[in-house]
Amino acid sequence: MSAVESSDQDGAHQVSDVVVRFAGDSGDGMQLTGSNFTEATALSGNDLATFPDFPAEIRAPAGATFGVSAFQIYFGSEDVTTAGDDVDVLVAMNPAALITNLKDLVSGGLVIVDTDAFTDKNMGRAGYESSPLEDGSLDAYRVVPIDITKRVVESVKPHGLNHKFAVRCKNMWTLGLVMWLFDRDRTATIANLRNKFKNKPEIADANVAALNAGHAYGETAEMPTGVEVYKVPRAEVAPGLYRNTTGSEALAYGLLAGSQLAGLPMTFASYPITPATSLLHTLSGLKQFDVVTFQAEDEIAAVCAAIGASFAGSLGVTSSSGPGISLKAEAISLATQVELPLVIANTQRGGPSTGLPTKTEQSDLNQALFGRHGDAMLPVIAAATSTDCFDAAIESVRLATQFMTPVILLSDGYMANASEPWLVPDMADYEAFPVTFETNPEGFTPVNRDPVTLARVWAKPGTPGLEHRVGGIEKNFLTGDISYDSDNHQKMTDLREDKINGIANYIPEQEVSMGETSGKLVVVGWGSTYGAIHQAVKRCRQNNLDVSHVHIRYLNPFPRNLGDLLAGFDTVLVPEMNTGQLVDVLRARYLIDAKPLNKVSGQPFKIREVEGAIKSLLEA
Amino acid sequence: MNAPILSDKDFASDQEVRWCPGCGDYAILKTIQKLMPTLDVPKENQVFISGIGCSSRFPYYMNTYGFHTIHGRALSVATGAKIANPDLDIWVVTGDGDALSIGGNHTLHALRRNVDLQILLFNNEIYGLTKGQASPTSKVGTHSPSTPDGSLDMPLRPCVFALGAGARFVARTIDTEAKIMTPILRRAHDYKGASFVEIYQNCPVYNDGIFEYIKNKKNAAESRLILEHGKPLLFGADNEKGIRLNSKTLKLEIVTIGENGITEDDIVVHDETNKVLAQMLAGLKTPEFPEAIGVLYCETDVPSYTDEVYQQRIFVREKKGAADMNALLRTGHTWTVS
């Protein structure tokens, strides 16, 4: 929380930005608490970013440190692009949540704890030898100890819930308190609760009662000195209609929008895998649109069904995370060989293998660029933020359908789960790219091509007179018949490569996100590092450092001016949540001495980590 | 306008057929090319989709839409194509290695889902295109380059597998018997759901003569149990033998009419809708028994997966109303910044 700027006549403090983290057992409802607080915060006009961070276990044993689920939100009156470096307010529902999250709390930060959860058993399980509430280990912070469980049970008593169900309302009690602390309106949350529990009105009533009781506690109880209502001024954001969205939701909508712009029905075939599954959930609930969803028996069946759908004249889309993409690799090469459109959405997670299924990483770039047999080039597009997933998905559909090629669309667990306010797009602002199917039998071969883009014709089954075969075997350049001729294979391989490289002429030139087109240092990012790099470069530029930010969306082919642009800087810094994948490609492609900055902790970059790297390079 | 009358030649592509001389695939190709003009489906809606292996070259030789995909995955590609366009009439051509080894999972799921496809499994009990290794249907003791001292693993029987997976239409036929195969394929085609047809197919190079016991006309009367719905399960040169259910052992057994007081009333009457019977028939094996040829099982009045997908969609559309992208983007809580 930035320093107190002023106090208004009610005695409320004004602050410019705050980071709040809710932490508790994975069954404590912290994600629900966080998402409701996010909505209330957005409605109050602050800019915000969130970071849901939860374990892979659905219901870990109560009180276990590995079962702690957290939801962080950063909100403020200026542009917010990350979930924040340090936590100002920590809500810890039990000792495990306290011990695992305290290290991120700023000195003097606020800790709200449920004292009822600090039993000897829970403290022992978390690894505390003595009570942190009594042994002075929290002296550096402002602690608000409240017997939350007892008060919750008390507040929901009139609604006749048994003890177990009553205790479950403690997340709403706590939310009520935090809403008081930041002067939030409870109306939207109450509506959400009534809707969520519409078939169990007594549960809805109890949760609303708990929410109101927590809020009332803030208003009436004697709080420690300095704990009072904080007001965060509205952010200055572009006018228009807003909503919150997660990356995963925006990506699903983008695929749908893309298929509409292409004038195609979509067939979405997928197999459940964390953190990609929510795409399947979202799209399977939208059957009123021209989309068919198919939960296949495995990853291979999913990608193959999508390819079959494209063969039949639909837009085939499949999705997964890293391990599942590995399984799809053979079929993706088939799609490059038969030159059919296909979008493969990879929501990256920590790897290798099962790795960190619920944590974020950017370690599948090499896989996307190179992870196939044969010379199987394809376009690779990366979304930069949760809301950007919408446009990145549309662009993937455009390239897939205009160039008859599979396209890999990269997002990651961080942006898939994190939500941010979204200036709702208007479809009228998007240019359509309608697909034209071949219908003329005159001179038809399945390898007839657009002479400029090199895209082959798309003749779908059901079209009279265009009966033809496609397949994995190399085909003759002129007829499309199978061919093992050596010169022909050279020619076809060159052609496939030329087609993909030529896409550089149909994508925008690389822009500079912030700063100049030349100078001492450029920070080059891709994907969800956008927010941290943006803030770090902004802060450094405010300190008059010569640094710019370039964020690459098109990872293959690169924008045609990228090499020249990077050559205009003395130093290139490439922060990535992997061990250095883009940096190697840039070094190889442009023969530049790009410097890596790598992090693979399952957590996004902090602003100060990027800032530190910038400063040390500029001071060197 | 009347559609032109087509012949088998209209369904032959201009590609040179590259199977080995004497391969059973030639006979199957010819039978299917002759069948196609007699089906009530526009030529442009016919699609052949295959995996990898000798049999999977099939689509290249059909003058229809075709897709030669990757090893084991033909059924997945076909499922996607059928979901995307239910008007297509899709034939999947696969082999014993393709459908039961690398693609076993997809065969299981296409059958249990009941995707409306004709699945033709050319069973030659060997890997031909990789030069003769034992396959999942090879008999125990098969000598091959990968099993020089004889194969050890138990083979599976495709029709038994299909029934176990929940297939609703299961049939078996022989590569060179066009008269038997044609009506079976026609019924497979007419069936709305996944129809599974195993075709005994001779590989003259790596497994020659493996089905001689049943293909050879001299043995046919003793080795073939020709199935006809509603007819008793009789075989032998004069139809003097039959299949009886032993009520004590619950097993099928061979009896001779006229011996030990056996009459035709003792013989099991074939009932395609009886799954228990189908499973017993699918398991009959030479030399102990003749082998069942014909439609083993046909469960009617079951909706296909593809039909269900579209029914559900119609239901949802009636409930939710017209789709509007801009409206979807504006669902949930929104707020206006002025």
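Residues numbered from 1 in each chain as written. Chains lettered and ligands numbered in written order. Predicted model: local features only at pLDDT ≥ 70, side-chain atom pairs only at ≥ 80, totals over all residues.

Along the backbone of chain B there are eleven helices and 14 strands. For chain B, the spread of C-alpha atoms along the principal axes amounts to about 95 × 50 × 45 Å. Within the span of chain B, comprising 338 residues, buried residues form 46% of the whole. (Helix = DSSP H or I, 4+ residues; strand = E, 2+ residues; numbered from the N terminus. Buried ≥ 20, exposed ≤ 12 C-beta atoms within 10 Å, placed from the backbone.)

So, about the overall build of chain A. Each helix and strand in chain A was counted, giving 20 helices and 23 strands. The C-alpha radius of gyration of chain A comes to 27 Å, within 12% of the 25 Å expected for a compact globule of 620 residues. A burial count over chain A gives 54% of its 620 residues as buried. (Rg over C-alpha atoms; globule rule 2.2 N^0.38 Å.)

Right, let's talk about the interface of chain B and chain A for a bit. With 50 residues of chain B at the contact, the number on the chain A side is 57 residues. When contributions to the side of chain B that touches chain A are tallied by element, the ones reaching two or more residues are strand E2 (65-68), helix H2 (74-84), helix H4 (104-113), helix H10 (305-320), helix H11 (325-329) and strand E14 (334-337) of chain B. Take the side of chain B that touches chain A: its biggest share by element is eight residues, from H2(B). Here the side of chain B that touches chain A is built from residues that sort into 20 nonpolar, 22 polar and eight charged. (Contact = placed C-beta atoms within 7 Å. Nonpolar A, V, L, I, M, F, W, Y, C, P; charged D, E, K, R; others polar.)

We now examine the pairing of strand E6 (residues 87-92) of chain A. Every other side chain in a regular strand lies on the same face of the sheet, so the side chains alternate between the two faces. All names here are of chain A. The element E6 is largely enclosed, with a buried count of six among its six residues. Bridge analysis of strand E3 (residues 17-25) against E6 gives four bridges, and the strand direction is parallel. Across the sheet, the residue bridging to phenylalanine 22 is valine 91, located in E6. Bridging between E6 and strand E7 (residues 105-114) involves five bridges; their strand directions are parallel. Paired with alanine 92 across the strands is valine 113, a residue of E7. (Pairing = 2+ DSSP bridges.)

A few words on the sheet that holds strand E3 (residues 89-95) of chain B. Strand pairing within a sheet occurs via backbone hydrogen bonds; the two strands may be parallel or antiparallel. One open sheet accounts for nine strands, arranged E18(A)-E2(B)-E1(B)-E3(B)-E4(B)-E8(B)-E7(B)-E13(B)-E9(B); its pairing is mixed. Strands at the two margins of the open sheet, each flanked by one partner only, are strand E18 (469-471) of chain A together with strand E9 (224-226) of chain B. Each adjacent strand pair in this sheet contributes to an overall mean axis angle of 20°, direction not counted. Where strand E7 (residues 169-174) of chain B meets strand E13 (residues 291-298) of chain B, four bridges bridge the pair, whose relative direction is antiparallel. The residue of E13(B) that forms the bridge with Val170(B) is Tyr297(B). (Axes fitted to C-alpha atoms, helices over the stretch in contact; angles between N-to-C directions.)

Okay, the packing of helix H9 (residues 247-262) of chain A against helix H14 (residues 388-403) of chain A next. Residue and element names in this part refer to chain A. In contact at an axis separation of 7 Å, H9 and H14 are set at 35° when each is read in the N-to-C sense. In this structure, H9 crosses over H14, and the sense of that crossing is right-handed. Between H9, through Gly247, Ala250, Leu251, Tyr253, Gly254, Leu255, Ala257, Gly258, Ser259, Leu261 and Ala262, and H14, the contact on the second element is made entirely by Cys389, Phe390, Asp391, Ala392, Ala393, Ile394, Ser396, Val397, Arg398 and Thr401. The residue inventory of the contact of H9 with H14, partitioned by class, reads 13 nonpolar, six polar and two charged. (Left-handed = near helix turned anticlockwise from the far one by under 90°.)

What follows deals with the domain arrangement of chain B. Residue and element names in this part refer to chain B. Considered domain by domain, chain B is made up of domain 1 (8-231 + 270-298) and domain 2 (233-269). Here the C-alpha centroids of domain 1 and domain 2 sit 29 Å apart. At the junction of the two partners, domain 1 supplies 13 residues and domain 2 supplies nine residues. When grouped by side-chain class, the residues that make up the side of domain 1 that touches domain 2 number seven nonpolar, two polar and four charged. (Domains from an automatic or database assignment.)

Okay, the packing of H2(B) against H4(B) next. All names here are of chain B. Where H2 meets H4, the closest approach of the two axes is 8 Å, and the angle between their N-to-C directions is 35°. Across from Leu75, Ser76 and Thr79 in H2, the residues of H4 making contact are His106, Thr107 and Ala110. Grouping the constituent residues of the contact of H2 with H4 by class yields two nonpolar, four polar and no charged.

Glancing now at the sheet that holds E3(A). Residues and elements named next belong to chain A. As summarised here, the arrangement of the six strands in space is E4-E5-E3-E6-E7-E8, forming an open sheet in which the pairing is mixed. For this open sheet the edge positions go to strand E4 (47-53) and strand E8 (142-146), each flanked by a neighbour on one side alone. The sheet shows a mean angle of 15° between the axes of neighbouring strands, taken without regard to direction.

The subject of this paragraph is unusual backbone geometry. Residue and element names in this part refer to chain A. Residue glycine 351 is joined to proline 352 through a cis peptide bond whose omega torsion reads 0°. Turning to its location among the elements, proline 352 is positioned in the loop between strand E14 (342-348) and helix H13 (365-370). The omega torsion of the bond from asparagine 556 to proline 557 falls at -15°, within 30 degrees of zero and hence cis. In the Ramachandran plot, leucine 454 falls in the positive-phi region, its phi being about 70° despite a non-glycine side chain. Locating leucine 454 in the fold gives a position in the loop between strand E17 (419-423) and E18.

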